[in-house]
Amino acid sequence: VMIRRHVPGQAEPVTIVASLRQAIDGKDNVLLAPGDTVMVRQTPATVVVDAVRTFFHVGIGSTFTPF
């Protein structure tokens, strides 16, 4: 995860690199500030998880059709 933060007095934003896994585990917790931009890059694992979620969402939605 990358966090882009505008710091007063600096022309260019600062980029903070953090681990989402470590943040979830409580090891690395970056506090966000107003105006921060959080960027999460897509990996092969997240593509598979998104595909599975989409598949099951469509499958569940079609099996509970009332009419």
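Residues numbered from 1 in each chain as written. Predicted model: local features only at pLDDT ≥ 70, side-chain atom pairs only at ≥ 80, totals over all residues. Heavy atoms only, no water.

## Here we look at the confidence of the model for the protein
Parts of the model with low pLDDT should not have their predicted coordinates read in detail. Applied cut-off: On a scale of 0 to 100, pLDDT captures the predictor's confidence in every residue. Strands are runs of DSSP state E lasting at least 2 residues, helices are runs of H or I lasting at least 4, and numbering of each runs from the N terminus.
Considering every residue of the protein, the mean pLDDT works out to 81; 82% of them sit at 70 or more. By mean pLDDT, helix α2 (residues 44–63) is the weakest element of the protein at 70, and strand β1 (residues 2–5) is the strongest at 94.

## Some thoughts on the sheet that holds β1
Our working rule: When DSSP finds at least two bridges between two strands, those strands are taken to pair. To get an axis, fit a line to the C-alpha atoms, keeping to the stretch in contact for a helix; angles then go from 0 to 180 degrees between the N-to-C directions.
Pairing is antiparallel in the open sheet, where 3 strands are placed in the order β2-β1-β3. Strands with a single pairing partner mark the edges of an open sheet, and in this sheet they are β2 (14–17) and β3 (37–39). Neighbouring strand axes in the sheet, compared pairwise and without regard to direction, differ in orientation by 25 degrees on average. Here 4 bridges tie β1 to β2, and the two strands are oriented antiparallel to one another. Bridged to Met2 within β2 is Val17.

## Things to note about the side chain of Asp36
What counts, and what does not: Each residue is placed in one exposure class: buried if its accessible area under a 1.4 Å probe, protein chains only, is under 20% of its type's maximum, exposed if it is over 50%, and partly exposed if it falls in between. For this analysis, a polar contact is any N or O atom pair within 3.5 Å, provided that within protein one partner can donate a hydrogen and the other can accept it, and provided that sequence-adjacent residues contribute only side-chain to side-chain pairs.
Inspection of the secondary structure assignment puts Asp36 in the loop between α1 (20–25) and β3. Judged by its relative accessible area of 17%, Asp36 falls in the buried class. Within polar-contact distance, the side chain of Asp36 engages the side chain of Arg5 at 2.7 Å. Among the polar contacts made by the side chain of Asp36, one reaches the main-chain amide nitrogen of Ala33 at a distance of 2.7 Å.

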